[in-house]
Amino acid sequence: MVTIGDIAHAAGVSRSTASYALSGKRSISAAVRQRVADAARELGYTPNAGARALATAETMVIGLLAQFYEDEFAPAMLQYMLGVSDTARELGYDTLLVTEADGARALRRITDSRMVDGVVLLNVAQDDARLPLLRAAPQPGALVGLPGDPSGVDVFDLDFEAAGRAMVDHMHRLRHRELILVSQPEHVVERGGAYVWRLQDAVVQQARARGIRLHAAFGPSRQPDVGRHLHALLDARPAATGLLLNNEAAAAALPSVMHARGLEAPRDLSVVGRYSDEFARTFSLPFSSVESAPDLLGGMAVRHLVRRITDPVARHEPHVLRLVPPEFVDRGSTGAPPAGPRTPPDPPGQGGRP
């Protein structure tokens, strides 16, 4: 196994200089630091994480607590996880993914044992049982998601209220007067997923202020249920000319639903979703959207967390609450409402949906 001594000999420096150059604990000239880095790369040197932790009390690991819930669309959650892990890797940290159902117990275990240098929480609930433990932990913490009480931690989230208002205002400018909103499953709300009602409440209030008739519904998170649900909504609301989606599973299912009904956007129905550009590319979605920015939010959380870990001054700075403003991505799926109601689908076996 390659040692610091081997690196020092290859670079022509002392062991202490090689160690300081690799750890960044002391100021070393750029030329020497580059020689040491080149030697380490050529020799295939990998730092011993256990030794480093004993010597510096740092693990170079960030804990990521997340859950894949059955009532949430897994590909959407995965994007937030990748945003965290990719940025952590860029900054030289490994990510310890913890998916235990008892998140509070898991958080206590990894913080009490000093397995991680800091923690990022996903699936943040309105009254999140993990927060008191995180506030009391010796390691700093960051949240991707806004809880009811954001004190004592750094919080990063999409401004869901502004996103909801932006979706309605966009349709209002196009002169739509009746809209359907499909939100996440109601179980997400019951579990404390405040982002669902933050966007929904904003849509309801803005639609009322703009004189728009709104039909709000909670949609399933899996096929074929979500497809059947969309068909039922469109059957029940033939006068609605616009569809707002705060449900990634519904967005992914909508192209096949519209194809089965012979509908095109925006000719027959204008559509705006709330999801990331990467999500749209993955599922080949042609619908305009408000960017949910999972990679940006994960990156912001990790960068701020690492700054608190590495900078003694930053460790004691006031905690931050940052809401990313909505960005509208136009993919051409919205336009003026059609002159009349949508043509109802043909009965089964006669060219309509099955």
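Below or above, wherever it landed, is the structure these notes cover. Small disclaimer: the values here were computed from a predicted structure and weren't measured.

### Comments concerning the overall build of the protein
Phase 1: Helix and strand content of the protein: 14 helices and twelve strands.
Phase 2: With respect to the principal axes defined by its C-alpha atoms, the protein has extents near 80 × 40 × 35 Å.
Phase 3: In the protein, which comprises 354 residues, the share counted as buried stands at 49%.
Phase 4: Long-range pairs, those at least 24 residues apart, make up 71% of the contacts in the protein between residues at least 6 apart in sequence.
Phase 5: Side chains of the protein give 38 positive and 40 negative charges; the mean places of these two sets differ by 3 Å.

### A closer look at the pairing of strand β5 (residues 154–158)
Phase 1: Counting buried positions along β5 gives five out of five residues, so the element sits mostly inside the fold.
Phase 2: By the alternation rule, side chains of β5 split into Asp 154, Phe 156 and Leu 158 and Val 155 and Asp 157, which are all buried.
Phase 3: Alignment of strand β4 (residues 141–144) against β5, held across three bridges, turns out to be parallel. Counterpart to Ala 142 in the pairing with β5 is Asp 154.
Phase 4: Inspection of the sheet shows β5 paired to strand β11 (residues 321–324) by four bridges, in the parallel sense. Each residue of the ladder has a partner; that of Leu 158, found in β11, is Val 324.

### Digging into the environment of Ser 270
Phase 1: Looking at where Ser 270 falls in the secondary structure, it is placed in strand β9 (residues 270–274).
Phase 2: Measuring from C-alpha to C-alpha, the distance between Ser 270 and His 172 comes to 12 Å, with 98 residues separating the pair along the chain.
Phase 3: Contacts of Ser 270, omitting those with residues within four sequence positions, involve Met 171, His 176, Thr 241, Gly 242, Leu 243, Ser 333, Thr 334 and Gly 335.
Phase 4: Within the structure, the side chain of Ser 270 is placed 3.3 Å from the side chain of His 176, a separation counted as a polar contact.

### Remarks on the pattern of salt bridges
Phase 1: All chains considered together, the criterion is met by 21 salt bridges.
Phase 2: Between Arg 210 and Asp 169 there is a salt bridge whose closest N-O contact spans 2.9 Å. Of this pair, Arg 210 sits in the loop between α10 (194–209) and β7 (213–218) while Asp 169 sits in helix α8 (residues 160–173), and the two are 41 residues apart along the sequence.
Phase 3: Across the pair Arg 228 and Asp 225 runs a salt bridge whose closest N-O atoms are separated by 2.6 Å. Of the two residues, Arg 228 and Asp 225 are both situated in helix α11 (residues 225–236); the distance of three residues between them amounts to about one turn of the helix.
Phase 4: Since its relative accessible area comes to 52%, Arg 228 is described here as exposed.
Phase 5: Connected through salt bridges with shared partners, the residues Asp 277, Glu 278, Arg 281 and Arg 331 form a single ionic network.

### Topic: the side chain of Gln 184
Phase 1: Structurally, Gln 184 can be placed in the loop between β6 (178–183) and α9 (186–190).
Phase 2: We classify Gln 184 as buried; its relative accessible area is 3%.
Phase 3: Engagement of the side chain of Gln 184 in a polar contact is seen with the side chain of Glu 248, the distance being 2.8 Å.
Phase 4: The contact partners of Gln 184, leaving out residues within four places of it in the chain, are Tyr 195, Val 196, Phe 218, Gly 219, Asn 246, Asn 247, Glu 248 and Arg 274.

### Some remarks on the sheet that holds β7
Phase 1: The strand order β7-β6-β8-β9-β10-β12 describes an open sheet built from six strands, whose pairing is mixed. Looking along the sheet, the strands with just one partner apiece sit at the ends: β7 and β12 (328–329).
Phase 2: In terms of strand pairing, β6 meets β7 through six bridges, oriented parallel. Each bridged residue has a counterpart across the sheet, and for Val 182 the counterpart in β7 is Ala 217.
Phase 3: Relative to β9, α8 is tilted by about 170 degrees, and along the sheet it contacts β6, β8 (242–245), β9, β10 (288–290) and β12.
Phase 4: Contacting β6 and β7, α11 crosses the sheet at an angle of about 160 degrees to β6.

Conventions and cut-offs
- Residues numbered from 1 in each chain as written.
- Predicted model: local features only at pLDDT ≥ 70, side-chain atom pairs only at ≥ 80, totals over all residues.
- Heavy atoms only, no water.
- Helix = DSSP H or I, 4+ residues; strand = E, 2+ residues; numbered from the N terminus.
- Buried < 20%, exposed > 50% of the residue type's maximum accessible area, 1.4 Å probe, protein only.
- Contact = heavy atoms within 4.5 Å.
- Lys, Arg positive; Asp, Glu negative; His and termini not counted.
- Charge placed at Lys NZ, Arg CZ, Asp CG, Glu CD.
- Pairing = 2+ DSSP bridges.
- Polar contact = N/O pair within 3.5 Å; in protein donor to acceptor, adjacent residues only side chain to side chain.
- Salt bridge = Lys/Arg side-chain N within 4 Å of Asp/Glu carboxyl O.
- Axes fitted to C-alpha atoms, helices over the stretch in contact; angles between N-to-C directions.

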